[in-house]
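If you want the building blocks of each chain, they are given just below.
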Amino acid sequence: MAEAHSAVAFSFSITHEGWDINYDREVLDLVWQSGVRSWKKRLARFRTGVRNGVYPAHLQSLWLVIAIAVGLHFTQRHVPFDLVNKWLSVLPGDSLQWQLTACSLAGLIVWLSICYTMRYSLKLLLMYKGWMYEKRAPGSRVSLQTRLWGLFVKVLATWNKPGLYSFQGSLPRLPLPSVQDTMQRYLRSVRPLLDDSNYNRMERLAKEFEQGISTKLQRYLFLKSWWSTNYVSDWWEEYVYLRGRGALMVNSNFYGIDAIFMHPTKVQSARAASVVNLLLQFRRTVERQELEPILVQGLVPLCSWQYERIFNTVRAPGVETDKIIHYQDSNHIVVLYRGCYYKVIIYHNGRLLRPCELQIQIEHILQQSEEKPQPGEELLASLTAGDRTKWAQIRQTVFAKGVNRTSLHTVESAAFVLSLDEKPFEFDLAHPEKLDQFGRYLLHGNGHDRWFDKSFTVCVGSNGRIGFNAEHTWADAAVMSHIWEMLIMGETEQRYDENGNTVGIPEFEPPTPKRLTWDLNDKVALVAIDEAHIAAQKLLNDVDLRILVHDAYGKGLMKTCRLSPDAFIQMALQLAYYRDAGKFSLTYEASMTRLFREGRTETVRPCTIESAAWVKAMLDSNVSVMTEDRVRLLNEACERHQLGYQDAMCGKGIDRHLFCLYVVSKYLEIDSPFLQEVLSEPWRLSTSQTPHGQTAKMDLKKHPNCISAGGGFGPVADDGYGVSYIVAGEDLIFFHISSKRSCGTTSSERFAQEICRALADMKHLFEEYRSLQKKNPSNGTKSDKPQAK
């Protein structure tokens, strides 16, 4: 076995003739190369750490400052605060050598003072969020304050090219809203959901909370907001994700789909090799911090903290709480094929394997069709799809020692997992069920061909199409979306020959993939795996997934309406849901708080007083409800939605603040009827927009087929919908709609039809409105229009 081979790489014994040393030069060479690579990475991290620590100043400017200090001293001019002479007074002498030393120390102090002055000046500038609320419509004027602010930020932030983590020290902390403001926003958000009696009851509970225990809870939260980097993120990760005991599959993990309008090769091994190579190149840019941080409007940086755990990361199960384990380095990936696991080495002589070399390894695995899974191996990954406590208990016994522990460590420490599926991933506009099935393959597969604990599993269909399944704890979907953009754009280069194989000639025979071995004959292990498999099958068979390709129009028409595409779609979802369910529901839309350090997400509540008024007007058959009134109400609803989105991004959200107050109350063992009711409210409509265009390389004008179809997630509530959407172009929107088959009141297909109907009605509304304007221009409304984000 490979483990035994490694164990005897070096051994010695003492005989009557002296020392007898045995060693395996090949294995020791691998050890030496691994150590060299590890030390190179440590030195690179140290160098980039120093660079980031002094950003936005330039590291090379230190020598300039020291040279100026030396020049001032030897021309009998005083360095600021007479620092050179003060240093000379404590140094052993005043010879030329010690004078140069004193000048260097004085220059270092001056330089550090300049660095930290620049750094905290940038931090103060980034605390300003007024730019978020400025209108950007043609003809709108940006305020003088914002223009001056933008000028100063540009001067400080762009003169020195930043690394991935350069802005981390300059990002402000997430501000803590006042309880009074949060209560006002909360009560306003639930008004359309409650009748008068229930609203009055909720208002009374909120008032009692605000005037009662909230003061004590807020005091502790205030201390945490100053002591910790981010008062939300660690608790959010711990209590929302890691302490969850339910299955990750469907309930937590999400998926992403290939750019379905491009199909660079149908050769599975070639596409897999190319994708692996591109992902490993991306990992290298992250490790070297060569990846450019994302700048909103090319000016304001987003937090890059989540990028640290993209690769070499696993969510390890625990009896009460899981934990995220991130390995500093990994020289292998794990490939899953036909229920068998293979370790694939990705380095040779200190360099990454090229796609043509990786393809040889993958073809070797695909040729092992006669190999059969060991007992229990084929369904092994079902353990990662099931109950977390049961998986943790089995892990502590069956996988605590021997080959099981070694093989499990190999899987968990891999850069990522690659799944070579035996089924094709298909897309055909004439057969929408094929795309639905594509999404289901990625969301849950067959329940045992994805390692759901890993940060992500790359899935490659038998026809060369790709996708991914990602664990949610370590980062949010925007990070995986960024990776996917870089990967898809990398595929536009010439990476395949006319036969669909990767280009290039291998420079050597790459290492043969090693089959992982397991000892799962134990009855306890087999029973646990079988139980997890049955639970996984029940869960995945309950998923009702529909991927809607809306090609009647896209953001092009929305812009002509002078409405934010996101607000436009959210209003369509409100109209569709009301028609589908006959009532309004608490609606979740994810927005990011990465304008702050270690920020993750905040909730936008699209179901507002204004959106409810517009929906009711659209459904009112009374002829007295004029088209102009409906357009005006839609404008007001979109404006309110924009304001809610802006507030959420600027740290003025509702739900994360209430969540943290609830956590404090649990620590203090204080019961709050208000917080318990708020935190128990189900999100029957959970939505998220898949971002794109996060990298400058995403040039859709040059490569229009490179847009991804986005991705999706499972329903949050048993009787609700999960809706993810991506505005893919001027005339295309993808909706990923999920629900549960076991619920008699929901249907993903029916809801998809209602979305199409709502979007068609909104288009017709504006066509009718423009027609009326042409007939009678004086009827045009003059209300301010919300602008696209």
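Model, not experiment: these values are computed from the prediction.

(A) Spotlight on the packing of aromatic side chains. Inspection of every chain in the model, using the stated rule, returns 31 aromatic pairs. Ring geometry for W235 and Y667: centres 6.0 Å apart, planes at 40°, overall tilted. Placement of W235 in helix α10 (residues 233–242) and of Y667 in helix α23 (residues 655–667) is noted, with a sequence separation of 432 residues between them. Taken together, the aromatic side chains of Y341, W391, F399, W451 and W518 make up a single cluster linked through ring pairs. If you follow R191 out to its NZ or CZ, it ends over the ring of Y199, 4.5 Å from the centre. Directly above the aromatic system of Y342 lies the positively charged group of R515, at a separation of 6.0 Å from the ring centroid.

(B) Region of the structure containing the sheet that holds strand β21 (residues 721–729). Ordered by their spatial adjacency, 6 strands build an open sheet running β16-β22-β21-β19-β17-β18, and the pairing between neighbours is mixed. The open sheet has two free edges, formed respectively by β16 (543–550) and β18 (601–604), since each of these has just one partner strand. Across the sheet, the axes of successive neighbouring strands diverge by a mean angle of 20°, strand direction being ignored. Two elements, strand β17 (residues 587–592) and strand β19 (residues 685–689), share 3 bridges in a ladder whose sense is parallel.

(C) Inspection of the nonpolar core at higher detail. Judged by nonpolar contacts, the single largest core of 120 residues is most densely connected at F416, L418 and F674. Take this core: its biggest share by element is 9 residues, from helix α11 (residues 268–287). If we skip the residues at most four places from it in the chain, L418 touches A272, V276, I333, V334, V335, L336, I362, V458 and V460. By size, the runner-up hydrophobic cluster in this structure holds 44 residues, among which are F584, C607, Y721 and I755.

(D) Geometry of the state of the cysteines. Overall, the coordinates contain 0 disulfides when judged by the stated rule. No disulfide involves C638; its sulfur sits 9.4 Å from the nearest other cysteine sulfur, which is in C561. Of the residues examined, C638 reaches a relative accessible area of 0% and is grouped as buried.

(E) A look at the pairing of strand β3 (residues 254–257). Residues F254 and G256 line one face of β3 and the alternating positions Y255 and I257 line the opposite face, and both faces are buried. Sheet topology note: the β3/strand β14 (residues 466–470) ladder contains 4 bridges and is antiparallel. Paired with I257 across the bridge in β14 is G467. Pairing of β3 with strand β20 (residues 711–713), which is carried by 3 bridges, proceeds in the antiparallel orientation. Among the inter-strand pairings, F254 is bridged to a residue of β20, identified as F713.

(F) Spatial organisation of the packing of helix α22 (residues 627–649) against helix α25 (residues 748–775). Where α22 meets α25, the axes come as close as 10 Å, and the angle between the chain directions of the two elements is 125°. Here α25 runs oblique to α22, going by the angle between their axes. Crossing of α22 against α25: the hand is left-handed. Note on element contacts: α25 touches α22 through M762, L765, F766, E768, Y769 and L772, opposite T627, E628, R630, V631 and L634. Residues of the contact of α22 with α25, tallied by class, amount to 7 nonpolar, 1 polar and 3 charged.

(G) Main features of unusual backbone geometry. Phi at Q297 takes a positive value of approximately 55°, unusual for a residue other than glycine. Along the polypeptide, Q297 turns up in the loop between β4 (295–296) and β5 (300–301). The residue R562 is not glycine, and still its phi comes out positive at about 60°. Considering the arrangement of structural elements, one finds R562 in the loop between α19 (555–560) and α20 (565–581).

(H) A look at the pattern of salt bridges. The full count for this structure, using the stated rule, is 38 salt bridges. Residue E238 is joined to R243 by a salt bridge in which the shortest nitrogen-to-oxygen separation is 3.0 Å. In this structure, R245 engages D322 in a salt bridge whose closest nitrogen and oxygen atoms are separated by 2.8 Å. Here the residue R245 occupies a position in the loop between α10 and β3, and D322 occupies one in the loop between β6 (313–316) and β7 (323–326), the gap between them amounting to 77 residues. Several salt bridges share partner residues, and in doing so they unite R245, R315, D322, R388, D453 and E471 into one network.

(I) Up close: helix α16 (residues 432–443). The first and last C-alpha atoms of α16 sit 17 Å apart over 12 residues, in line with the 16 Å expected at 1.5 Å per residue. Buried within α16 are the following residues: L435, D436, F438, G439, R440, Y441, L442 and L443. In the core, the buried residues of α16 are packed alongside β3, β13 (456–460), β14, α18 (523–541), β16 and β20.

(J) A look at the environment of I726. If you trace the backbone, I726 turns up in strand β21. Judged by relative accessible area, I726 falls into the buried class, the value being 2%. Between the C-alpha atom of I726 and that of V153, which follows or precedes it by 573 residues, the distance is 31 Å. Contacts of I726, omitting those with residues within four sequence positions, involve T690, H692, I707, S708, A709, G710, L732, I733 and F734.

So, how was this worked out
- Residues numbered from 1 in each chain as written.
- Predicted model: local features only at pLDDT ≥ 70, side-chain atom pairs only at ≥ 80, totals over all residues.
- Heavy atoms only, no water.
- Phe/Tyr/Trp six-rings, centres within 6.5 Å; stacked < 30°, edge-to-face > 60°.
- Helix = DSSP H or I, 4+ residues; strand = E, 2+ residues; numbered from the N terminus.
- Lys NZ or Arg CZ within 6 Å of the ring centre and 35° of its normal.
- Pairing = 2+ DSSP bridges.
- Axes fitted to C-alpha atoms, helices over the stretch in contact; angles between N-to-C directions.
- Core = buried A, V, L, I, M, F, W, Y, C linked by side-chain atoms within 4.5 Å.
- Buried < 20%, exposed > 50% of the residue type's maximum accessible area, 1.4 Å probe, protein only.
- Contact = heavy atoms within 4.5 Å.
- Disulfide = S-S within 2.5 Å.
- Parallel < 35°, antiparallel > 145°, perpendicular 65-115°, else oblique.
- Left-handed = near helix turned anticlockwise from the far one by under 90°.
- Nonpolar A, V, L, I, M, F, W, Y, C, P; charged D, E, K, R; others polar.
- Salt bridge = Lys/Arg side-chain N within 4 Å of Asp/Glu carboxyl O.
- Expected span 1.5 Å × (residues − 1).

As far as function goes, none of this settles anything; it's purely spatial.
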